[in-house]
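Listed below, chain by chain, are the residues.
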Amino acid sequence: MGDDLSDERLREWVVSRYRDGYSVDAMRGILVGLGYNVVVVDELIETVIRECDVSAEEQSFRLRGMVKEVRAELGKWSIKEQFQKIEYVLAYPLNFIDEIREIDGANYSKAIVYVLLNICFYSFFKSVVGYVFGGSLLYFVVNVLYFVLLGAVSFAVSGYVVHWIIRKLGGKGSFWDTVQVFAYAWSVIVFAPLPYLWVLPAIYGVVSGIFNLSLVHKVNKKIAGIAVGVPLGVVTITGLILYVIVSV
């Protein structure tokens, strides 16, 4: 089979199996069974493990740093500034990112604090609506926690998917550029508890997000629209299917 293990696909195979929990013996057995030289195989596996472990340590360090920065921003939070930013987003939907960056620069921690607090506002007021219309106090508390968790997970997953798509389509911005635009486009979530009227703010948020993503990623609005529209369409269709299934 030969001893040349410089093939990037083979290296990726070892990385993937290591991250999946394969032992060194298991990986060695598979590769040697395919005809690779055991000495060279061991060298490749050792290199991959060392690189993966260093990468994991770096990621852990970065995560701790990010958490520290977010906590620091929470300590400096101002309700006046929070609503001032909501006003900017509503007043400048086509280029709110320019207005926001005059205040925050490209500070991702401020963006994360901003969107998390808006999610909390949304969760609280939506739960209040349910409580006013006959829900119990326990139901109110559970609802707040549920909507905070749902909102945070939805923001993280949708932001990652949109960034991945727009980068594949030629976007030039960083992941944190996407996060910042997403965080402020989500300002409209504070209007979501309004019965039936939430659709208009939602459309406003989607459109403003598309325009501002096109600015930070230096792509045309069609590409930004595809990046936002594909995951949004999948979620919408899935939601409709589940609604029909539950309603039957």
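For the structure, see preceding data.
Report on the accompanying structure.

Scoring rules and cut-offs
Residues numbered from 1 in each chain as written. Predicted model: local features only at pLDDT ≥ 70, side-chain atom pairs only at ≥ 80, totals over all residues. Heavy atoms only, no water. Salt bridge = Lys/Arg side-chain N within 4 Å of Asp/Glu carboxyl O. Helix = DSSP H or I, 4+ residues; strand = E, 2+ residues; numbered from the N terminus. Buried < 20%, exposed > 50% of the residue type's maximum accessible area, 1.4 Å probe, protein only. Axes fitted to C-alpha atoms, helices over the stretch in contact; angles between N-to-C directions. Parallel < 35°, antiparallel > 145°, perpendicular 65-115°, else oblique. Left-handed = near helix turned anticlockwise from the far one by under 90°. Contact = heavy atoms within 4.5 Å. Nonpolar A, V, L, I, M, F, W, Y, C, P; charged D, E, K, R; others polar. Phe/Tyr/Trp six-rings, centres within 6.5 Å; stacked < 30°, edge-to-face > 60°.

Brief notes about the pattern of salt bridges
A side chain with one charge may pair with a side chain of the opposite charge, provided their charged atoms come close.
Then step 1. One pass over the full model with this rule turns up 4 salt bridges.
Then step 2. Between Arg-28 and Asp-42 there is a salt bridge, with the nearest N and O atoms lying 2.6 Å from each other. Placement of Arg-28 in helix H2 (residues 24-33) and of Asp-42 in helix H3 (residues 38-75) is noted, with a sequence separation of 14 residues between them.
Then step 3. Taking the relative accessible area as the measure of exposure, Asp-42 reaches 27% and is therefore partly exposed.
Then step 4. Residues Lys-85 and Glu-81 are paired through a salt bridge, measuring 3.2 Å at the closest nitrogen-oxygen approach.

Observations regarding the packing of helix H8 (residues 175-185) against helix H9 (residues 199-217)
Then step 1. Across the interface, H8 lies against H9 with an axial gap of 9 Å and an inter-helix angle of 155 degrees. When the interaxial angle is binned, H8 and H9 end up roughly antiparallel. As H8 runs across H9, the sense of the crossing is right-handed. Listed contacts from H9 to Asp-177, Thr-178, Val-181, Phe-182 and Ala-185 of H8 are Gly-205, Ser-208, Gly-209, Asn-212, Leu-213, Val-216 and His-217.
Then step 2. Its residues assigned to classes, the contact of H8 with H9 comprises 5 nonpolar, 6 polar and 1 charged.

A few points about the packing of aromatic side chains
Then step 1. Tallied over the full model, the rule gives 6 aromatic pairs.
Then step 2. Centroid distance Tyr-88 to Tyr-92: 6.4 Å. Interplanar angle 45 degrees. Geometry classified as tilted.
Then step 3. A residue is classified by how much of its surface remains accessible, and Tyr-92, at 35% relative accessible area, is partly exposed.
Then step 4. A ring pair is formed by Phe-155 and Phe-182, whose centres lie 6.1 Å apart and whose planes are at 55 degrees; its orientation type is tilted. Here Phe-155 is found in helix H7 (residues 137-168), whereas its partner Phe-182 is found in helix H8, with 27 residues between them in sequence.
Then step 5. On the basis of relative accessible area, Phe-155 is assigned to the buried category, the value being 11%.
Then step 6. Looking at Phe-182, the relative accessible area reads 10%, which means it is buried.

A few points about the packing of helix H5 (residues 96-104) against H9
Then step 1. In the contact formed by H5 and H9, the axes pass within 9 Å of each other and the chain directions differ by 65 degrees. The angle between H5 and H9 falls in the class roughly perpendicular. Counted together, Phe-96, Ile-97, Asp-98 and Arg-101 of H5 and Ser-208, Asn-212, Leu-215 and Val-216 of H9 form the full contact between these two elements.
Then step 2. Of the residues belonging to the contact of H5 with H9, the class tally is 4 nonpolar, 2 polar and 2 charged.

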